Amino acid sequence: MDLNSLSPYVRVAMHSSLTAPFLIRERVIFDYELIFLESGHFRFDYCGESYFCAPGDVLLICPGRPHSFHCLEGESIRQPHVHFDLIYDANSPSVYVSFKNLPEFSEEERALIRPDLLTGFLVSIPLLNMPDSSLLRGLLFEIIDIFQTRPEYYPLLLKQKMLELLQLVFRHNLRERTEPSAEDAVFTTIREYIDRNAQNNISLEHLATFFHYNKFYIAKRFKRLYGISVIRYANNARLEAAKRLLRETGSVTQTANQLNFRSLYAFSRFFKTNAGVPPRTYLKSLHKSAPPDSGLKK
């Protein structure tokens, strides 16, 4: 993840209470949600794991991850929270907060799920490691106040405060950074190679031949270093390149050609497998949210 690319967009920021007994059934959200548990206790289920949350805990829910909230022993809770995108784009203002589960999504709704840049880079999702959560609480309350009062230049103020909040989260939750070994430096080069060649289908066999390493060793070491399989990383890079080209060209055929797919069918199958929707549906969602002078081809 390139920290220089961060441009947070605050979608919703609010104080919130859930009165016992409560249940927020399993759902998937389109964006990130950060929650500070101010009072009360509850059980939080996330991607098949259960977490018992107490006052002072901080939760980070990532896009596309199933989760639910469960009341404990009749306790009400106060949980100020913020929904946000890590990187603003043309779709950001049109995305809303979801209370539906993934199987209930339409193809258009699946296209709204934002890229998840943090899973694999933070060590303690969803329950964050925050030694002094009072600092985060203060920043979150400032964000909520700015969002609700809308002072002059409030979008810039929200970005500023969100970057401060993210810096605090990253300081305590980024995977440990140690001096890289010579072999780790090679894997940095492999990752950069994938980023630079996102227009191509990069296989383990190709990487093994190009970098003169055993393909099984590459797969194991890459997953350990970056928390994601090398093929998933390559597919994500190619998917983001496809989304960028679709936004720029407005053409599925042109995008498939520039990404060197064998056929339009192969590109459509790749895109739907990795994005959850066909490329034409993704394009349609862009047209719905784009301003009249966006330059998107109809």
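Residues numbered from 1 in each chain as written. Predicted model: local features only at pLDDT ≥ 70, side-chain atom pairs only at ≥ 80, totals over all residues. Heavy atoms only, no water.

Enquirer: What is the right way to read the overall build of the chain from this model?
Expert: Helices and strands together make up the secondary structure of the chain, namely 10 helices and 10 strands. Considering only C-alpha atoms, the chain reaches an extent of 55 × 50 × 40 Å along its principal axes. Each of the 298 residues in the chain was classed as buried or not, and the buried ones make up 45%. When contacts within the chain are restricted to residue pairs at least 6 apart in sequence, those whose partners lie at least 24 apart make up 73%. Looking at the chain, you have 36 positive and 32 negative side-chain charges, and the mean spots of the two groups are 8 Å apart. (Helix = DSSP H or I, 4+ residues; strand = E, 2+ residues; numbered from the N terminus. Buried < 20%, exposed > 50% of the residue type's maximum accessible area, 1.4 Å probe, protein only. Contact = heavy atoms within 4.5 Å. Lys, Arg positive; Asp, Glu negative; His and termini not counted. Charge placed at Lys NZ, Arg CZ, Asp CG, Glu CD.)

Enquirer: Help me understand helix H3 (residues 154–173) in this model?
Expert: Counting along an α-helix, one turn takes 3.6 residues, and residues three or four places apart therefore face a common direction. The end-to-end C-alpha distance of H3 is 28 Å, a good match for the 28 Å that 20 residues give at a rise of 1.5 Å each. Regarding H3, the residues found buried are Leu158, Lys161, Met162, Leu165, Leu166, Leu168, Val169, Phe170 and Asn173. Where the residues of H3 are buried, they touch strand E1 (9–14), strand E4 (32–36), strand E10 (81–85) and helix H2 (133–149). (Expected span 1.5 Å × (residues − 1).)

Enquirer: So what exactly am I meant to see when it comes to the nonpolar core here?
Expert: Here is a general trend for soluble globular proteins: nonpolar side chains tend to be buried in one another's company. The biggest cluster of nonpolar side chains holds 46 residues, and the ones touching the most others in it are Leu34, Phe42, Leu60, Val82, Phe84 and Leu136. Those residues in contact with phenylalanine 42, other than ones at most four positions away along the chain, are Phe22, Leu37, Tyr51, Phe52, Cys53, Leu59, Phe69, His70, Leu72 and Ile77. Phe211, Tyr226, Leu259 and Val277 belong to the second largest nonpolar core, which has 37 residues in total. (Core = buried A, V, L, I, M, F, W, Y, C linked by side-chain atoms within 4.5 Å.)

Enquirer: Explanation requested: the confidence of the model for the chain in the structure shown.
Expert: Atomic detail in the predicted coordinates should be set aside for any region of low pLDDT. Averaged over all residues, the pLDDT of the chain is 87; the fraction at 70 or higher stands at 93%. Low pLDDT (under 50) marks residues 289–298, which in the prediction has 13 contacts with non-local residues, meaning those over four places away or in another chain. (pLDDT = per-residue confidence, 0-100.)

Enquirer: Can you walk me through the sheet that holds strand E8 (residues 67–71) in this structure?
Expert: Strand pairing within a sheet occurs via backbone hydrogen bonds; the two strands may be parallel or antiparallel. Read from one edge to the other, the open sheet built from four strands follows the order E3-E8-E5-E6, with strand pairing classed as antiparallel. Looking along the sheet, the strands with just one partner apiece sit at the ends: strand E3 (23–27) and strand E6 (49–53). Adjacent strand axes in the sheet meet at a mean angle of 20° when their direction is disregarded. As judged from the five bridges shared by strand E5 (residues 42–46) and E8, these two strands associate in the antiparallel manner. Residue pairing for E8: tyrosine 46 is matched across the bridge by histidine 67. (Pairing = 2+ DSSP bridges. Axes fitted to C-alpha atoms, helices over the stretch in contact; angles between N-to-C directions.)

Enquirer: Mind showing me how you'd approach the packing of H2 against H3 here?
Expert: In a packed pair of helices, the relevant descriptors are the angle between the two axes and the axis-to-axis distance. Where H2 meets H3, the axes come as close as 10 Å, and the angle between the chain directions of the two elements is 165°. As the angle between them shows, H2 and H3 are arranged roughly antiparallel. The element H2 and its partner H3 pack so that their crossing is left-handed. Of the residues in H3, those in contact with Leu135, Leu136, Leu139, Leu140, Glu142, Ile143, Ile146 and Phe147 of H2 are Tyr154, Leu157, Leu158, Lys161, Met162, Glu164, Leu165, Leu168 and Val169. Across the contact of H2 with H3, the residue classes tally to 14 nonpolar, no polar and three charged. (Parallel < 35°, antiparallel > 145°, perpendicular 65-115°, else oblique. Left-handed = near helix turned anticlockwise from the far one by under 90°. Nonpolar A, V, L, I, M, F, W, Y, C, P; charged D, E, K, R; others polar.)

Enquirer: Please explain the sheet that holds E1 as it appears in this structure.
Expert: A sheet is described by the order of its strands in space; here four strands give the open sequence E1-E10-E4-E7, paired in antiparallel fashion. Among the strands making up the open sheet, the edge pair consists of E1 and strand E7 (58–61). Neighbouring strand axes in the sheet, compared pairwise and without regard to direction, differ in orientation by 15° on average. Relative to E10, E4 runs antiparallel, the two sharing four bridges. Residue pairing across strands places leucine 34 opposite valine 82, the latter belonging to E10. In the packing of H3 onto the sheet, the strands contacted are E1, E4 and E10, and the crossing angle to E10 comes to about 100°.

Enquirer: Looking at this model, I keep getting lost on the layout of surface pockets. Mind explaining?
Expert: The gaps of empty space that remain are located by a probe, the size of a water molecule, rolled over the atoms. The computed volume of the largest pocket comes to approximately 1,600 Å³. Of all the secondary structure elements, the ones that give two or more residues to the lining of the largest pocket are helix H4 (182–196), helix H7 (230–249) and helix H9 (264–275). Here the lining of the largest pocket gets 10 residues from one element, more than from any other, and that element is H7. (1 Å grid on protein atoms, 1.4 Å probe; cavity = no way out; pocket = protein on both sides within 12 Å on 5 of 7 lines; lining within 4 Å. Points joined across faces, edges and corners; volume = space filled by probe spheres on them.)

Enquirer: Even after reading the chapter, I still don't get empty space enclosed by the protein, so can you show me in this structure?
Expert: All told, the structure shown has one cavity of 30 Å³ or more when counted by the stated rule. Approximately 40 Å³ is the volume found for the largest cavity. Contributing to the lining of the largest cavity are Ala198, Asn200, Asn201, Ile202, Ala234, Asn235 and Arg238. A per-class count over the lining of the largest cavity returns three nonpolar, three polar and one charged.

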